[in-house]
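# Architecture and fold: a report
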Amino acid sequence: MEKNLPELPEVETVRLGLLPALEGRTIKDVVVRRRDLRTPVPENFEDRVRNQKVLGLSRRSKYILISLESRETIIVHLGMSGRIRIEEGNPCEPDKHDHIEFITDSRHCIRFGDPRRFGFVDLIQAGQVDLYPSLAKLGPEPLDADFVGDVLYDRLKGRQTTMKAVLMDQRILAGLGNIYVNEALFRAGIAPQKKAGSLSRAQAEKLVMVIKDVLQEAISAGGSSLKDHRQTDGELGYFQHSFQVYGREGEACLNCQSEIIQRMVQQGRSTFYCSSCQQ
DNA sequence: CGCTCCACCTGAACGC
DNA sequence: TGCGTTCAGGTGGAGC
């Protein structure tokens, strides 16, 4: 069992967990305890959010978008260690790394915490969302129906770098991080060091299929953990989920049962793979 | 433009 | 016990 870091499925799980507490509610109060996140929380954030009704929550890649009646949108990114907790009724003391809290008219207290402060919370005009620097250059959403094998194939054509590197590149495909890149390449039987430009159309099609599968499975696992979690500590997004290859260095490959899972470092990140099953 | 490397930040795990 | 080191990884900017 692992604690997932916030990649697309974890962020989607947070969004789903926030829905019942936020959608259609009015944010009655906002407290910012620390502004120096990855980017500073806007100076007038509290005034612009207080007494605003939440129209809806959406997600783009690993970013949560909270649209307000004022035609502004809150953007939340969890970085690596960001977390959101929902408390109902009697509010308890925030811990050391709870930086922002929102109180709703339904008496929910929603806390954003982030020990490493790689995450951020920002506020922009609703019409400017797609122009926001972090979002503007993002590649396609992997779960979109029109993201198919040929789309990925075309984006990889002529690339000299590795499959690991291109799948980590948010401009080529949005939402994957180190864990799900490892899992997808393992399931597709593609070597992480393979040159991206040498991928066949058939391999691209297979890869897109397993990417959708692995993300959807993780979102489903998150959804089922949501119920359990909400009853206990209210923390969203960090659910238990086991992986087929990530973190399994030295263990037998779950596919061929004979080879041992290897670990190497690519772009400064751990890659786990089976040298027999992944070519 | 394509690609690689590294800083940012802190807590956990590990070695002695 | 305690201190120091290493590792974890999303993002964006520097450098070639």
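Residues numbered from 1 in each chain as written. Chains lettered and ligands numbered in written order. Predicted model: local features only at pLDDT ≥ 70, side-chain atom pairs only at ≥ 80, totals over all residues. Heavy atoms only, no water.

### Some points on unusual backbone geometry
A positive phi is found at Arg 117, a non-glycine position, where the angle reads about 60°. Within the secondary structure layout, Arg 117 lies in the loop between strand S8 (108-113) and strand S9 (120-125). Its identity as a non-glycine residue notwithstanding, Gln 267 has a phi of 50°, on the positive side. Here Gln 267 is to be found in the loop between strand S12 (262-266) and strand S13 (269-273). Gln 267 sits in the exposed class, given a relative accessible area of 56%. (Helix = DSSP H or I, 4+ residues; strand = E, 2+ residues; numbered from the N terminus. Buried < 20%, exposed > 50% of the residue type's maximum accessible area, 1.4 Å probe, protein only.)

### Section: a nonpolar patch on the surface
Together, Leu 5, Met 80 and Phe 118 line one region of the surface with nonpolar side chains, adding up to about 250 Å² of accessible area. If you trace the backbone, Phe 118 turns up in the loop between S8 and S9. With a relative accessible area of 42%, Phe 118 lands in the partly exposed category. (Patch = residues over 30% accessible without salt bridge, like charges linked within 9 Å, V, L, I, M, F, W, Y side chains within 5 Å. Areas by Shrake-Rupley, 256 points an atom, 1.4 Å probe, with all protein chains shown as cover. Salt bridge = Lys/Arg side-chain N within 4 Å of Asp/Glu carboxyl O.)

### A look at the nonpolar core
Judged by nonpolar contacts, the single largest core of 38 residues is most densely connected at Leu 156, Met 163, Leu 167, Leu 176, Leu 207 and Ile 211. Contributions of two or more residues to this core are made by helix H4 (149-156), helix H5 (163-168), helix H6 (178-188) and helix H7 (201-232). If one sorts the elements of this core by residue count, H7 sits on top with nine residues. Discounting residues that sit within four places of it in the chain, Met 163 has contacts with Leu 156, Leu 185, Ile 190, Ala 191, Pro 192, Lys 194, Ala 196, Leu 199 and Leu 207. In terms of nonpolar packing, the next biggest core, distinct from the first, is built from 31 residues, Val 11, Leu 57, Val 76 and Phe 112 among them. (Core = buried A, V, L, I, M, F, W, Y, C linked by side-chain atoms within 4.5 Å. Contact = heavy atoms within 4.5 Å.)

### Thoughts on helix H1 (residues 8-22)
Counted at 1.5 Å a residue, the expected span for H1 with its 15 residues is 21 Å, and the 20 Å between its end C-alpha atoms agrees. Backbone geometry just downstream of H1 places Gly 24 in the positive-phi region, at approximately 80°. (Expected span 1.5 Å × (residues − 1).)

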